[in-house]
Amino acid sequence: MMKTQIEKAFTLSLICAIYFNTFLVLLKELQKPVKQFLHSYLLHHWVGHGIAVIVFFLLLGLLFRRLSVNVNLQKMPLHIVSSIVISSIGISIFYLTNVH
Amino acid sequence: MQFKTVILVLHVLSGTLGSSAALWAMVDLKNIENGSAKRVSNACMAEFVLTLLSLLAGGLYYVLFYQDEKQIILNGPSPIAHTFFMEVKEHVFFILLLLSLYLFVITRHLHAAIDVQKIRLIKITLMAIFTLGFLMIGFGEFIDAGVKSGMSKFNN
């Protein structure tokens, strides 16, 4: 029961973190102060981006676990694939159309 | 051999081995009832460690050495090697890292009496890791080709 709760919490957290990664890409590329903020605390904005995404995933996973979120695990593989495809295509289209 | 070459080789090698570990786990997952649970768990852990190593080596190279190559690419005949391939690679890699970390979390205590739903979750995650991993390798080749074509422009 406890193990299933971990799976439910971190599966939902994974999907949220994949979308958050894409959101952060768009935000930092369109809002330069965000990029500068990520750059100012670490060596490169990419490092700050990576740390933000991982921390988001872990904290949200732990939060969902504490809240005992209930999701249908049967539908989760489809949602995982959808989030990967939508995010990857979103990032690709953004960089194809915003050549700098 | 130069330090920058060593970390670039380490980045590619650990990334390729990480994707191969995902393939290994996918194959062993088919025989989970016959005592392969421990091997699947180990393969998933190996995949996570190798992906993390690839990220650290690639990140180190990107932050310390890539800026010179970026200028070569941007001033060469194929600037898309940076403006598209590198930009997409460096951000889609985080999805790969998230999937690896997730896989590591859900396969820590794997046993033979695993339910079908969890097998589906692990299988789909492994397939995504394998696909994205080899996509990253392919994108790396485009970036390498961009640097080479830029260098040949300067040499001519």
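Source: prediction; values computed, not measured.

Asker: Sorry, what's going on with the overall build of chain A here?
Answerer: When you go through chain A residue by residue, the secondary structure sums to four helices and zero strands. Of the regular secondary structure in chain A, the N- to C-terminal order runs α-α-α-α. Based on the C-alpha atoms only, the size of chain A along its principal axes is roughly 50 × 30 × 15 Å. Looking at chain A residue by residue over its 100 residues, the buried ones come to 33%.

Asker: Mind showing me how you'd approach the overall build of chain B here?
Answerer: When you go through chain B residue by residue, the secondary structure sums to five helices and zero strands. The order of helices and strands in chain B, counted from the N terminus, is α-α-α-α-α. Judged by the C-alpha coordinates and their principal axes, chain B covers about 65 × 30 × 20 Å. Of all 156 residues assigned to chain B, the portion counted as buried reaches 44%. For chain B, contacts bridging at least 24 residues in sequence account for 84% of all contacts bridging at least 6.

Asker: Even after reading the chapter, I still don't get the confidence of the model for chain B, so can you show me in this structure?
Answerer: Any segment with low pLDDT has predicted coordinates that should not be analysed in fine detail. For chain B, mean pLDDT is 91; residues scoring 70 or higher make up 99% of the total. The ipTM value of the predicted complex is 0.92, and its pTM value is 0.92.

Asker: Before we go on, may I ask you to explain the confidence of the model for chain A in this structure?
Answerer: The predicted model of chain A has a mean per-residue pLDDT of 89, with 95% of residues at 70 or higher. Looking across chain A, the model is least confident in helix α2 (residues 32-41) of chain A, with a mean pLDDT of 81, and most confident in helix α4 (residues 76-97) of chain A, with 95.

Asker: I tried to follow the interface of chain B and chain A on my own but got confused; where do I start?
Answerer: You'll often see interface size given as the accessible area lost when the parts meet. In this complex, chain B contributes 24 residues to the contact, which on the side of chain A involves 31 residues. When contributions to the side of chain B that touches chain A are tallied by element, the ones reaching two or more residues are α2 (37-64), α4 (80-106) and α5 (116-155) of chain B. Here the side of chain B that touches chain A gets 14 residues from one element, more than from any other, and that element is α4 of chain B.

Asker: Would you explain unusual backbone geometry in this entry?
Answerer: Most peptide bonds take the trans form, and the phi angle of most residues other than glycine is negative. In this structure, S68 of chain A is a non-glycine residue whose phi angle is positive, near 50°. Mapped onto the fold, S68 of chain A is located in the loop between α3 (45-66) and α4.

Asker: Would you mind going over the packing of helix α1 (residues 3-29) of chain B against α5 of chain B with me for this structure?
Answerer: Angle between the axes and distance between the axes are the two parameters that describe a pair of packed helices. Residues and elements named next belong to chain B. Where α1 contacts α5, the two axes come as close as 9 Å, and the packing angle between them is 155°. Relative to α5, the element α1 is oriented roughly antiparallel. Two packed elements cross with a definite hand, and for α1 against α5 that hand is left-handed. Contacts from V12, G15, T16, G18, S19, A22, L23, A25, M26 and L29 of α1 reach α5 at I119, I122, K123, L126, M127, I129, F130, G133, F134, M136, I137 and G140.

Asker: Got a minute to help me understand helix α3 (residues 66-74) of chain B in this structure?
Answerer: Count 3.6 residues to each turn of an α-helix, and residues three or four apart come out pointing the same way. All names here are of chain B. Taken together, the buried positions of α3 are Y66, E69, K70 and I73. Buried positions in α3, seen along its axis, are confined to an arc of 110° and lie on one side of it. In α3, those exposed residues whose orientation departs by more than 90 degrees from the buried face are Q67, D68 and Q71. On its buried face, α3 sits against α2, α4 and α5.

Asker: Before we go on, may I ask you to explain the packing of α3 of chain B against α5 of chain B in this structure?
Answerer: All names here are of chain B. Contact geometry of α3 with α5 gives a least axis separation of 8 Å together with a crossing angle of 70°. The orientation of α3 with respect to α5, classified from their angle, is roughly perpendicular. The interaxial crossing formed by α3 with α5 has left-handed handedness. Across from E69, I72 and I73 in α3, the residues of α5 making contact are G146, V147, G150 and M151. In terms of residue class, the contact of α3 with α5 is built from four nonpolar, two polar and one charged.

Asker: How should I be thinking about the environment of R120 of chain B in this particular structure?
Answerer: Residues and elements named next belong to chain B. Looking at where R120 falls in the secondary structure, it is placed in helix α5. Residue classification places R120 among the partly exposed positions, given that 15 C-beta atoms sit within 10 Å. Considered as a pair, R120 and L29 are 91 residues apart in the sequence and their alpha carbons are 10.0 Å apart.

Asker: Explain the nonpolar core to me, please; I cannot follow it from the model alone.
Answerer: One broad trend across soluble globular proteins is that nonpolar side chains are buried collectively. With 57 residues, the main nonpolar core has L14 of chain A together with I95, L96, L98 and Y102 of chain B as its most contacted residues. Of all the elements in the fold, those that place two or more residues in this core are α1 (2-30), α3 and α4 of chain A together with α1, α2, α4 and α5 of chain B. At 18 residues, α4 of chain B tops the list of elements feeding residues into this core. Contacts of I95 of chain B, omitting those with residues within four sequence positions, involve I18, N21, I84, S87 and S88 of chain A together with L132 of chain B.

The rules behind these values
- Residues numbered from 1 in each chain as written.
- Chains lettered and ligands numbered in written order.
- Predicted model: local features only at pLDDT ≥ 70, side-chain atom pairs only at ≥ 80, totals over all residues.
- Helix = DSSP H or I, 4+ residues; strand = E, 2+ residues; numbered from the N terminus.
- Buried ≥ 20, exposed ≤ 12 C-beta atoms within 10 Å, placed from the backbone.
- Contact = placed C-beta atoms within 7 Å.
- pLDDT = per-residue confidence, 0-100.
- Axes fitted to C-alpha atoms, helices over the stretch in contact; angles between N-to-C directions.
- Parallel < 35°, antiparallel > 145°, perpendicular 65-115°, else oblique.
- Left-handed = near helix turned anticlockwise from the far one by under 90°.
- Arc of directions from axis to C-beta.
- Nonpolar A, V, L, I, M, F, W, Y, C, P; charged D, E, K, R; others polar.
- Core = buried A, V, L, I, M, F, W, Y, C linked by C-beta atoms within 7 Å.

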